[in-house]
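Per-entry structural report
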Amino acid sequence: VPEDKQRDVAEALADLGRIRQSEGRWDAVVPLLEKRIEVEMDPEERLGLRRQLAEVFAGPLEDAERATSALEGVLEEAPEDLEAIGALEPLYEQAERWDDLRGLLDRRLEIATSDEERVAARVRLARLMEKAFGKRDEAMSQLREILEIDPSNGEALDELGRLLEAEESWDELAELLERRADDAAALGDVATQKGFLVRLAGLHEEQREDLAAAGAALDRVLTLDPQDVAAVERLAGLHEAQGEWA
């Protein structure tokens, strides 16, 4: 087909598509967009049309399966299209297509150009490893990779702490809480530091059964806030349990 003929066809399809869209006839818009994709020669224009098609399926037609197919078409032509990757991720999650979702997140990690992007991809991978595959070890490995890049990343630290607790890795969790208390101290955030120390005291007392370490953590709490009655009472109970009457 001559190029000028293709251009005329594309323009006619676009005009008709706008009319059908204004009429709210989305089921009629779809074949027009699909035909435009077939005849469009410009790669960027074709990608734009594929995105429009995905938006029609995801929005007015509420057809997640066909929206997914349309976005996969975008990635076939542009494998590093972050917009399409971002739109596909929740669709794969809703459909529980866990292997496909992992592939997308791996792709995000490969094409990341900044530490911020790499950290975001690894956080999502960690959650996926636990939620979909039950692989806490792999999830924690991803989180540790994040902390190599950004040692103070709060999201990764929170997730790692939660997983360590689920795994009952008490010694490593104690080290993590110590670290977070020290980080808060470095920032001058007394309230946060105190919160981590209180959690640390409870961990030492209840899970590790190390009353001396629990008492040391509570001593640090009282250094920060000598008027903390709850900490005083807990510390008194620990001394009593150890027969430290003086």
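Residues numbered from 1 in each chain as written. Predicted model: local features only at pLDDT ≥ 70, side-chain atom pairs only at ≥ 80, totals over all residues. Heavy atoms only, no water.

**Overview of the overall build of the protein chain**
Scanning the protein chain for helices and strands turns up 13 helices and zero strands. A globule of 246 residues ought to have a C-alpha radius of gyration of about 18 Å, yet the protein chain, at 28 Å, is considerably larger. For the protein chain, the spread of C-alpha atoms along the principal axes amounts to about 100 × 35 × 30 Å. Taken across its 246 residues, the protein chain has 38% of its residues classed as buried. Residue pairs at least 24 apart in sequence account for 40% of intrachain contacts in the protein chain once pairs closer than 6 positions are excluded. Accessible area of the protein chain: about 14,100 Å², with a carbon and sulfur share of 46%. Within the protein chain, one finds 31 positive and 62 negative side-chain charges whose respective centroids are separated by 6 Å. (Helix = DSSP H or I, 4+ residues; strand = E, 2+ residues; numbered from the N terminus. Rg over C-alpha atoms; globule rule 2.2 N^0.38 Å. Buried < 20%, exposed > 50% of the residue type's maximum accessible area, 1.4 Å probe, protein only. Contact = heavy atoms within 4.5 Å. Areas by Shrake-Rupley, 256 points an atom, 1.4 Å probe, with all protein chains shown as cover. Lys, Arg positive; Asp, Glu negative; His and termini not counted. Charge placed at Lys NZ, Arg CZ, Asp CG, Glu CD.)

**A look at helix α4 (residues 64-77)**
End to end, α4 covers 20 Å across 14 residues, agreeing with the expected 20 Å (1.5 Å per residue, within 8%). Buried residues of α4: Ala67, Thr68, Ala70, Leu71, Gly73, Val74 and Leu75, and no others. In this structure, the buried side of α4 is in contact with α3 (43-58), α5 (82-94) and α6 (98-111). (Expected span 1.5 Å × (residues − 1).)

**Let's talk about the confidence of the model for the protein chain**
Low pLDDT means the predicted coordinates in that region are not meant to be read closely. Confidence along the protein chain averages 90 in pLDDT terms, with 92% of residues attaining 70 or more. Across the protein chain, the element-wise mean pLDDT spans from 65 in helix α1 (residues 3-22) up to 97 in helix α11 (residues 190-207). (pLDDT = per-residue confidence, 0-100.)

**Some remarks on the pattern of salt bridges**
Under the counting rule described, the total for this entry stands at 29 salt bridges. Its salt-bridge partner being arginine 46, residue glutamate 77 comes within 3.1 Å of it at the nearest N-O pair. One end of the pair, glutamate 77, is in helix α4; the other, arginine 46, is in helix α3, and 31 residues separate them in sequence. Classification of glutamate 77 by relative accessible area gives partly exposed; the value is 30%. (Salt bridge = Lys/Arg side-chain N within 4 Å of Asp/Glu carboxyl O.)

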